[in-house]
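# Examining the three-dimensional arrangement
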Amino acid sequence: MNKSILYLLIAVFLLGGIGYGVYYVGTNIASKKITDDLQAELHNSGQLDEVRAYIENDPELKRYVEEARQADRNALPFNTKEEATRVLIRKVGLTDLLEMQSRIERGNISQQEVINELESSLTKEELLALKVIAYKELYE
């Protein structure tokens, strides 16, 4: 009886460890692939300059960029794309993120609605960290 409980506990811990590893490695791989693909697409198509111009012409987005530029990067809860991906998946949810992406692509959601949804799920510090990461991707 005791051996079967011990084997069960070992199996549970192993499965939990494997699950955590898959989650951790999976989010890193997904984050890297998504951002690398997007960055390559923006650079190859010349859309990066269009995105920058769009941001410069939108007062609210320009304010976001300025806030990110001036942020104290040492005080942020995360500093990498991989960490940001894990936080977004944990706090917003993968299903909600994919649905939000679909709505953006179809044009069924405004920029302000996206911001509102993220603001309702994330802390101010997490939002600032996302802004800083986006700033680094666009301007550095």
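Residues numbered from 1 in each chain as written. Predicted model: local features only at pLDDT ≥ 70, side-chain atom pairs only at ≥ 80, totals over all residues. Heavy atoms only, no water.

Going by the annotation in an unreviewed UniProt entry, the name recorded for the protein is Phenylalanyl-tRNA synthetase subunit beta, with Alkalihalophilus pseudofirmus given as the source organism.

## Some thoughts on the nonpolar core
Quick reminder of the rule: Among buried residues, those of type Ala, Val, Leu, Ile, Met, Phe, Trp, Tyr and Cys that are joined through side-chain atoms within 4.5 Å constitute a nonpolar core. Remark: exposure states derive from per-residue accessible area (1.4 Å probe, protein chains only) relative to the maximum for the residue type, with buried under 20%, exposed over 50%, and partly exposed in between. Per the convention used, a helix needs a DSSP run of H or I reaching at least four residues, while a strand needs a run of E reaching at least two, with both numbered from the N terminus. In what follows, a contact means two residues having at least one pair of non-hydrogen atoms within 4.5 Å.
In terms of nonpolar packing, the biggest core is built from 26 residues, with Phe-78, Leu-88, Leu-118, Leu-122, Leu-130 and Val-132 touching the most fellow members. Where this core is concerned, the elements lending two or more residues are helix H2 (47-57), helix H3 (59-70), helix H4 (81-91), helix H6 (111-121) and helix H7 (124-139). At 8 residues, the largest contribution of residues to this core is made by H7. With near-sequence residues (within four places) excluded, Leu-88 lies in contact with Gly-93, Leu-97, Leu-118, Leu-122 and Leu-130.

## Quick notes on H7
Selection rule: Here the expected span of a helix is defined as 1.5 Å times the quantity of residues minus one.
Helix length check: H7 (16 residues) gives 22 Å between terminal C-alpha atoms against 22 Å at 1.5 Å per residue, within 8%. For H7, the set of buried residues is Glu-126, Leu-127, Leu-128, Ala-129, Leu-130, Lys-131, Val-132, Ile-133, Tyr-135 and Leu-138. Those residues of H7 that are buried lie in contact with H2, H3, H4 and H6.

## Side note on the packing of H3 against H6
Under the convention used in this document: Fitted lines through C-alpha atoms give the axes, limited to the stretch in contact for helices. The angle between two N-to-C directions lies from 0 to 180 degrees. Orientation labels follow simple angle bins: below 35 degrees gives roughly parallel, above 145 gives roughly antiparallel, 65 to 115 gives roughly perpendicular, and whatever is left gives oblique. The hand of a helix crossing depends on one turn: near helix anticlockwise from the far one by less than a right angle means left-handed, and clockwise means right-handed. In this classification, the charged set is Asp, Glu, Lys and Arg, the nonpolar set is Ala, Val, Leu, Ile, Met, Phe, Trp, Tyr, Cys and Pro, and all remaining amino acids, among them Gly, are polar.
It is at 11 Å that the axes of H3 and H6 come closest, and there the two elements cross at 40 degrees. In this view, H3 runs oblique relative to H6, as classed from their interaxial angle. At the point where H3 passes H6, the crossing takes the left-handed sense. Touching Glu-60, Leu-61 and Tyr-64 of H3 are Gln-111, Gln-112, Ile-115 and Glu-119, all from H6. Within the contact of H3 with H6, the residues separate by chemical class into 3 nonpolar, 2 polar and 2 charged.

## Quick look at the side chain of Lys-131
Along the polypeptide, Lys-131 turns up in helix H7. Judged by relative accessible area, Lys-131 falls into the buried class, the value being 15%. Setting aside its immediate chain neighbours within four residues, Lys-131 contacts Tyr-64, Glu-67 and Ala-68.

## Focus: the pattern of salt bridges
Any two side chains of opposite charge can pair, given that their charged atoms come close. Applied cut-off: Just to be clear on terms, a salt bridge is a Lys or Arg side-chain nitrogen sitting within 4 Å of an Asp or Glu carboxyl oxygen.
Here the structure, examined in full by the defined rule, presents 9 salt bridges. With its nearest N and O atoms 3.9 Å apart, the salt bridge here joins Glu-60 to Arg-63. Separated by 3 residues within a single helix, Glu-60 and Arg-63 lie in helix H3, roughly one turn from each other. Residue classification places Arg-63 among the partly exposed residues on the basis of a relative accessible area of 46%. In this structure, the salt-bridge partner of Arg-69 is Glu-66, at a minimum N-O distance of 2.4 Å. Residue Arg-69 and its partner Glu-66 are both found in helix H3; the two are separated by 3 residues, about one turn of the helix.

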